[in-house]
Amino acid sequence: MRLIATLSLALTAALATACGEPVAPESPEPAQAPAAPAPPATAPRDGCGAAERQDWVGRGRADLPAAPEGATWRIYETGQPVTQDLRPDRLNIEIDPDSQRVVRLSCG
């Protein structure tokens, strides 16, 4: 069976050469896709800074700092309706309605 495949490949190459078309030999191993580039070491983990502020969980609502100039923060209580629009740069700060403490920080 291998002899037939080899002869077939040789015949195809000979015919292509006779017609003036170059033929590249077939590779027995498939080509590997290039590796994805690694993200830069200084890349932020998220678009809103939630990762750097996880130490705020458990902090009282009154103890939160004011939002920096140009930042978009949404402070809401658990169970309160909020819009579902995705804003990767917006920091969502979820507050427990009973204890008034931060329970979750996320982007969106």
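Conventions adopted
Here the residue numbers are simple positions, counted from 1 along each chain's written sequence. It should be noted that, the model being predicted, local features are given only for residues of pLDDT at least 70 and side-chain atom pairs only at 80 or more, the latter also being counted only at that level, while totals for whole chains, interfaces and linings use all residues. Hydrogens are left out, water is left out, and the side-chain values use all remaining heavy atoms of the structure. The helix count covers DSSP runs of H or I at least four residues long, the strand count covers runs of E at least two residues long, and both are numbered beginning at the N terminus. Each pair of strands is called paired provided DSSP finds at least two bridges between the two strands. Angles shown run from 0 to 180 degrees and are taken between the N-to-C directions of axes, each axis being a line fitted to C-alpha atoms and, for helices, limited to the stretch in contact. As used here, the term nonpolar core means buried Ala, Val, Leu, Ile, Met, Phe, Trp, Tyr and Cys residues forming a set that is joined through side-chain atoms within 4.5 Å. Throughout, exposure labels follow a simple rule: accessible area from a 1.4 Å probe, protein chains only, divided by the maximum for the residue type, with under 20% read as buried, over 50% as exposed, and the rest as partly exposed. Here, two residues are considered to be in contact whenever any of their heavy atoms come within 4.5 Å of each other. Geometry of aromatic contacts follows a simple scheme: Phe, Tyr and Trp rings, the Trp one being its six-membered ring, pair when their centres are within 6.5 Å, and the pair is stacked under 30 degrees between planes, edge-to-face over 60, tilted otherwise. How sure the predictor is of each residue is captured by pLDDT, a score from 0 to 100. Any pair of N or O atoms that falls within 3.5 Å is considered a polar contact. Within protein, one atom must be able to donate a hydrogen and the other to accept it, and sequence-neighbouring residues count only if both atoms are side-chain atoms.

*Asks:* What's the story with the environment of Gly58 in this structure? I'm lost.
*Replies:* Mapped onto the elements, Gly58 comes out in the loop between helix H1 (2–18) and strand E1 (72–77). Gly58 sits 46 residues away from Arg104 along the chain, and the two C-alpha atoms are 8.8 Å apart.

*Asks:* How should the sheet that holds strand E3 (residues 102–107) be read in this particular structure?
*Replies:* Taking strand neighbours across the sheet as the criterion, the three strands line up as E1-E2-E3 in an open arrangement whose pairing is mixed. Unpaired on one side and paired on the other, E1 and E3 mark the two borders of the sheet. Averaged over all pairs of adjacent strands, the angle between their axes in this sheet comes to 20°, without regard to strand direction. In the sheet, E1 pairs with strand E2 (residues 90–95) via six bridges, with the strands oriented parallel. Considered in E2, the bridge of Thr72 is made with Arg90.

*Asks:* Looking at this model, I keep getting lost on the environment of Ala67. Mind explaining?
*Replies:* Tracing the backbone shows Ala67 in the loop between H1 and E1. The sequence separation of Ala67 and Leu91 amounts to 24 residues, and the corresponding C-alpha distance is 9.6 Å.

*Asks:* It is not clear to me how the nonpolar core should be interpreted in this structure. Could you clarify?
*Replies:* The tendency in soluble globular proteins is for nonpolar side chains to be buried side by side. Of all hydrophobic cores here, the largest spans ten residues; its members are Cys48, Ala50, Trp56, Leu64, Trp73, Leu91, Ile93, Ile95, Val102 and Leu105. Among the secondary structure elements, those contributing two or more residues to this core are E2 and E3. Per element, the largest residue contribution to this core is three residues, and it comes from E2. In this structure, Trp56 is in contact with Leu64, Pro65, Trp73, Leu91, Ile93, Val102 and Leu105, ignoring residues within four places of it in sequence.

*Asks:* Mind showing me how you'd approach the packing of aromatic side chains here?
*Replies:* By convention here, two paired aromatic rings are described through the distance between centres and the angle between planes. For the structure on display, the rule yields one aromatic pair. An angle of 70° between the planes, with centres 5.5 Å apart, marks the rings of Trp56 and Trp73 as edge-to-face. You can see Trp56 sitting in the loop between H1 and E1 and its partner Trp73 sitting in strand E1, a full 17 residues away along the chain.

*Asks:* I keep staring at the confidence of the model for the chain and nothing clicks. Help me out?
*Replies:* In low-pLDDT segments, the atomic positions of the prediction should not be examined closely. The pLDDT averaged across the chain works out to 79; a share of 58% of its residues lies at or above 70. Looking at the elements of the chain, mean pLDDT is at its lowest for H1, recorded as 56, and at its highest for E2, recorded as 98.

*Asks:* What exactly am I supposed to notice about the side chain of Asp46 here?
*Replies:* On the secondary structure map, Asp46 appears in the loop between H1 and E1. A polar side-chain atom of Asp46 sits 3.4 Å from the main-chain amide nitrogen of Cys48. Here Ala51 takes part through its backbone nitrogen, which lies 2.7 Å from a polar atom of the side chain of Asp46. If we skip the residues at most four places from it in the chain, Asp46 touches Ala51, Glu52 and Cys107.

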